[in-house]
Number of protein chains: 2
Amino acid sequence: MYLRNNITRLLQYRSCLTKFQELGFETIYSYNLGKHIGVSAEQIRKDFSKFNIRGNKKAGYNIEEIITAINKIFKKNSPQNVLLIGYGNLGQSLMKYKGFSGNMFHIKAVIDIDPSKHKRKTLIPVLSPEKAPEIIKKNGIKIGILAVPDVAAQEMCNLLIKAGIKGILNFSSLVLKAPEDIQINNINLGNELEAIFYHIQLKQKTN
Amino acid sequence: MYLRNNITRLLQYRSCLTKFQELGFETIYSYNLGKHIGVSAEQIRKDFSKFNIRGNKKAGYNIEEIITAINKIFKKNSPQNVLLIGYGNLGQSLMKYKGFSGNMFHIKAVIDIDPSKHKRKTLIPVLSPEKAPEIIKKNGIKIGILAVPDVAAQEMCNLLIKAGIKGILNFSSLVLKAPEDIQINNINLGNELEAIFYHIQLKQKTN
DNA sequence: GCATTTATGTTAATATAATCACAATAAAAG
DNA sequence: CTTTTATTGTGATTATATTAACATAAATGC
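So, how was this worked out
- Residues numbered from 1 in each chain as written.
- Chains lettered and ligands numbered in written order.
- Predicted model: local features only at pLDDT ≥ 70, side-chain atom pairs only at ≥ 80, totals over all residues.
- Heavy atoms only, no water.
- Contact = heavy atoms within 4.5 Å.
- Buried area = accessible area lost by both parts, 1.4 Å probe.
- Salt bridge = Lys/Arg side-chain N within 4 Å of Asp/Glu carboxyl O.
- Polar contact = N/O pair within 3.5 Å; in protein donor to acceptor, adjacent residues only side chain to side chain.
- Helix = DSSP H or I, 4+ residues; strand = E, 2+ residues; numbered from the N terminus.
- Nonpolar A, V, L, I, M, F, W, Y, C, P; charged D, E, K, R; others polar.
- Buried < 20%, exposed > 50% of the residue type's maximum accessible area, 1.4 Å probe, protein only.
- Pairing = 2+ DSSP bridges.
- Near = heavy atom within 4 Å.
- Domains from an automatic or database assignment.
- Core = buried A, V, L, I, M, F, W, Y, C linked by side-chain atoms within 4.5 Å.
- Axes fitted to C-alpha atoms, helices over the stretch in contact; angles between N-to-C directions.
- Least-squares fit on C-alpha atoms with pLDDT ≥ 70 in both.

Asker: How would you explain the interface of chain A and chain B if you had to name every residue and give the values?
Answerer: Between chain A and chain B, the residue contacts involve 62 residues of the former and 62 residues of the latter. Both faces combined, the contact of chain A with chain B buries some 5,700 Å², and carbon together with sulfur accounts for 63% of it. When residues of chain A are sorted by the area they lose upon contact with chain B, A:L193, A:E194 and A:F197 head the list and together hold 12% of the total. Summed over the shared surface of chain A and chain B, the result is four salt bridges. Between chain A and chain B we count six residue pairs in polar contact (both at pLDDT 80 or more) in total. In terms of residue count, helix α9 (residues 189–206) of chain A provides more of the side of chain A that touches chain B than any other element does, 16 residues in total. Partitioned by chemical class, the residues of the side of chain A that touches chain B number 30 nonpolar, 17 polar and 15 charged.

Here it is, written out as structure tokens:
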């Protein structure tokens, strides 16, 4: 089935392999990794092969090697600065979120239109939209996390792109209009839930 | 390109069409809708055709009809009860999130293992895991939103499935093990960000 | 050191999705 | 009423992804 694309799968492989590594394993077979992730062994070998990750016939893959290779694919040498736009309910949660604020990403600043939310002296400052271009340029920020209400999303998107941002993680339910060379990934929480409902119904029908 | 599957697209169509409707439009052409969403007109006609949504040659599609049809596909007659597991940083944010707590979904209760977080008298009560089965059965809840740390995710998943839950929206970075008939959708915020980085690099290389 | 075993890596086959091309047809124009 | 025009709906084509099949090679056992 067509559930995930190979880029997403690579990240899942790494996440799973890190856990195996912590448990003391040094090598793994495509079959075992696949069973843990819910992907066929052939799929894993194909993915590895495509990104030139090589194993040892009979002895499987070296976990350390795979992780290093995947990190290289994602250029995971240094933590990357990102800009968070929107310091509302979701924005505040994302700021504290471990997956973002952990070792891989660093939220350099938060942008919000509401002056009462601005804080200049905190570890992660909350600033007005006018400050965004300066922050983006000074820190070479490439990615913005857009967590603002739909009504403000396109305007903030335009501002970010004008300031040099190349990728946006969009939490609004709007389909943002942007040039071809800007990478936009959408997370629509409401739609995800509805999709689950749909699939549940489908499964119940077929049984 | 293979960006979204047709179920996700249907939800995007509805979201966009609702906005058109609010602006006073009554009909729409596949071409216009496609331009707004970033999908080809043929794709839209194929999707509509597949779900038996019919238009009028030369006059396009009736917006009201499409929305009604999509709602029917997703059984959007009555709001659905869901259970939120995890009242931490992300969980609290999700509880207040409009897309969930709006008119489509109703979070009936929140489950958290930490007794200091329990609140029985609030509009949405925060309860211990032991209460989950009762709540699920009494309210016919089919879906759980899992927003707990990785270490607790599988255990809570098992609890939910045992209590009769059929679908899980999983925010942990774990790949949950569950029977085939349980629908699990994963949202991994960290991976989403990394995927954007990858795509940006790719685009820069090819230019 | 040779045979056996078992995993990889890749080519071929299959399945699925997106795009193209165009016939069908409803509305509008003349 | 006839012709023109524009849009739908779908079969054919192309592209992409997944699965199957199997040759290859490393490790193990004898």
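Asker: Summarise the pairing of strand β8 (residues 183–186) of chain B; cite the residues concerned and give the values.
Answerer: Residue and element names in this part refer to chain B. Taking every second residue as pointing to the same face, the buried face of β8 carries Q183 and N185, while none of I184 and N186 on the other face is buried. Pairing analysis gives four bridges linking strand β7 (residues 167–170) to β8, with the strands arranged parallel. Bridge pairing in β8 places N170 opposite N186.

Asker: Lay out the protein's contact with DNA strand D with the relevant residues and their values.
Answerer: Taken together, 25 residues sit near DNA strand D, with B:S30, B:R45, B:G55, B:K58 and B:Y61 positioned nearest. In DNA strand D, atoms within 4 Å of the protein come from the sugar-phosphate backbone in 68% of cases. Between a sugar or linking oxygen of DNA strand D and a side-chain N or O atom of A:Q43, the distance comes to 3.5 Å. A distance of 3.0 Å separates a base oxygen of DNA strand D from a polar side-chain atom of B:K57. Broken down by secondary-structure element, the contributors of at least two residues to the surface near DNA strand D are α3 (41–50) of chain A together with α3 (41–50) of chain B. The element best represented in the surface near DNA strand D is α3(A), accounting for four residues. Considering only residue class, the surface near DNA strand D consists of five nonpolar, eight polar and twelve charged.

Asker: Explain the domain arrangement of chain A to me, and be specific about the residues and the numbers.
Answerer: What the domain assignment lists for chain A is domain 1 (6–73) and domain 2 (81–191). When each unit is reduced to the centre of its C-alpha atoms, the spacing between domain 1 of chain A and domain 2 of chain A is 32 Å.

Asker: Can you explain the nonpolar core? Please cite residues and give values.
Answerer: One finds A:L94, A:F100, A:I145, B:L94, B:F100 and B:I145 to be the most contacted residues of the largest nonpolar core, which totals 48 residues. Excluding anything up to four places from it in sequence, B:I145 contacts A:L193, B:V82, B:L83, B:L84, B:I85, B:L94, B:F100, B:L169 and B:F171.

Asker: Can you break down the sheet that holds strand β3 (residues 80–85) of chain A residue by residue, with the values?
Answerer: Residue and element names in this part refer to chain A. Here six strands make up an open sheet; going across it, the order is β5-β4-β3-β6-β7-β8 and the pairing parallel. In this open sheet, the two strands that pair with only one neighbour each are β5 (126–127) and β8 (183–186). The pairing of β3 with strand β6 (residues 143–146) spans four bridges and is parallel. Considered in β6, the bridge of L84 is made with I145. Helix α8 (residues 150–162) rests against β3, β6 and β7 (167–170) of the sheet, and its axis sits at about 170° to β6.

Asker: Which residues make up the relation of the copies chain A and chain B, and what values do they have?
Answerer: Overlaying chain A with chain B gives an RMSD of 0.0 Å, the required rotation being 180° about an axis along which the chain moves by 0.0 Å. Such a combination of turn and shift is consistent with a two-fold rotation axis. Considering only C-alpha atoms, the residue of chain A closest to the rotation axis is A:S93, which sits at 3.0 Å. By residue overlap, the copies meet face to face through one surface: 100% of the interface positions of chain A are interface positions in chain B.

Asker: With reference to specific residues and values, describe the sheet that holds strand β6 (residues 143–146) of chain B.
Answerer: Think of a sheet as strands paired side by side through backbone hydrogen bonds, with each pair either parallel or antiparallel. Residues and elements named next belong to chain B. Judged by pairing direction, the sheet is parallel, and its six strands sit side by side in the order β5-β4-β3-β6-β7-β8 without closing on themselves. The outermost strands of the open sheet, each flanked by one partner alone, are β5 (126–127) and β8. Strands β3 (80–85), β4 (105–111) and β5 of the sheet are contacted by helix α7 (residues 132–139), whose axis makes an angle of about 170° with β3. Across the sheet, helix α8 (residues 150–162) touches β3, β6 and β7, and the angle it forms with β6 is around 170°.

Asker: Describe the pattern of salt bridges, and please don't skip the residues or the numbers.
Answerer: Residues and elements named next belong to chain A. In the structure shown here, the tally under the stated rule is twelve salt bridges over all chains. Where K138 meets E134, a salt bridge forms, and the shortest distance between an N and an O atom there is 3.9 Å. In this pair, K138 and E134 both sit in helix α7 (residues 132–139), four residues apart, roughly one turn of the helix. Taking the relative accessible area as the measure of exposure, K138 reaches 63% and is therefore exposed. Classification of E134 by relative accessible area gives partly exposed; the value is 49%.

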